[in-house]
Amino acid sequence: MKILVTGGAGFIGSHLIDRLMTEGHEVICLDNFYTGRKSNVLKWIGHPYFELIRHDITGPIRLEIDQIYHLACPASPVHYQYNPVKPLKRT
């Protein structure tokens, strides 16, 4: 199955990717690195079933996938206070 994880470089997203990859799925990690870190998914870079795309989900993107896990949201109050409108645009 080809699965998209938005916010995949974040804490929860990266752990989900670990699980999906070990189960043998093709995974696309989409993250703008606002709060996520590339180091969280570094071990999967170069794997034939993994793709990392730096992209802000508030903008359009076309991908062919079977399933989506939408975790792209800065969950920290500090990040919300810095830019309170941006998380609302993620719908």
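Bear in mind that the values here come from a model prediction, so they are computed numbers and not experimental data. (Residues numbered from 1 in each chain as written. Predicted model: local features only at pLDDT ≥ 70, side-chain atom pairs only at ≥ 80, totals over all residues. Heavy atoms only, no water.)

A. Structural detail: the overall build of the protein chain. Counting its secondary structure elements, the protein chain contains two helices and four strands. The helix and strand sequence of the protein chain, counted from the amino end, reads β-α-β-β-β-α. Expressed as a percentage of contacts within the protein chain between residues at least 6 apart in sequence, the contacts between residues at least 24 apart total 58%. When the accessible area of the protein chain is evaluated, it comes to approximately 5,900 Å², of which 55% is carbon and sulfur surface. (Helix = DSSP H or I, 4+ residues; strand = E, 2+ residues; numbered from the N terminus. Contact = heavy atoms within 4.5 Å. Areas by Shrake-Rupley, 256 points an atom, 1.4 Å probe, with all protein chains shown as cover.)

B. Highlighting helix α1 (residues 11-22). When the terminal C-alpha atoms of α1 are compared, their 17 Å separation across twelve residues agrees well with the 16 Å that a helix rising 1.5 Å per residue should span. The set of residues buried in α1 consists of G13, S14, I17, D18, L20 and M21. Those residues of α1 that are buried lie in contact with β1 (2-6), β2 (26-31), β3 (50-54) and β4 (67-70). Following α1 by one or two positions, G24 has its phi on the positive side, about 90°. (Expected span 1.5 Å × (residues − 1). Buried < 20%, exposed > 50% of the residue type's maximum accessible area, 1.4 Å probe, protein only.)

C. Spatial organisation of the sheet that holds β3. Spatially, β3-β2-β1-β4 is the arrangement adopted by the four strands of the open sheet, whose pairing is parallel. The open sheet terminates on both sides in strands that have one partner only, identified here as β3 and β4. Neighbour-to-neighbour, the strand axes of this sheet turn through a mean angle of 15°, independent of strand direction. Note: β2 against β3, five bridges, orientation parallel. Among the inter-strand pairings, C29 is bridged to a residue of β3, identified as L52. Contacting β1, β2, β3 and β4, α1 runs over the sheet at an angle of about 170° to β1. (Pairing = 2+ DSSP bridges. Axes fitted to C-alpha atoms, helices over the stretch in contact; angles between N-to-C directions.)

D. Inspection of the side chain of H55 at higher detail. With respect to the helices and strands, H55 occurs in the loop between β3 and β4. At 3.4 Å, the side chain of H55 and the backbone oxygen of P60 are in polar contact. If sequence neighbours within four positions are ignored, H55 has contacts with L30, D31, N32, P60 and I61. (Polar contact = N/O pair within 3.5 Å; in protein donor to acceptor, adjacent residues only side chain to side chain.)

E. Summary view of unusual backbone geometry. One non-glycine residue, F33, lies in positive phi territory at about 65°. Mapping F33 onto the fold places it in the loop between β2 and β3.

F. Representation of the pattern of salt bridges in the model. Tallying each qualifying case throughout the model produces two salt bridges. Among the salt bridges present, the one from R19 reaches E23, with a minimum N-O distance of 2.8 Å. Residue classification places R19 among the exposed residues on the basis of a relative accessible area of 54%. Note on E23: relative accessible area 43%, which makes it partly exposed. (Salt bridge = Lys/Arg side-chain N within 4 Å of Asp/Glu carboxyl O.)

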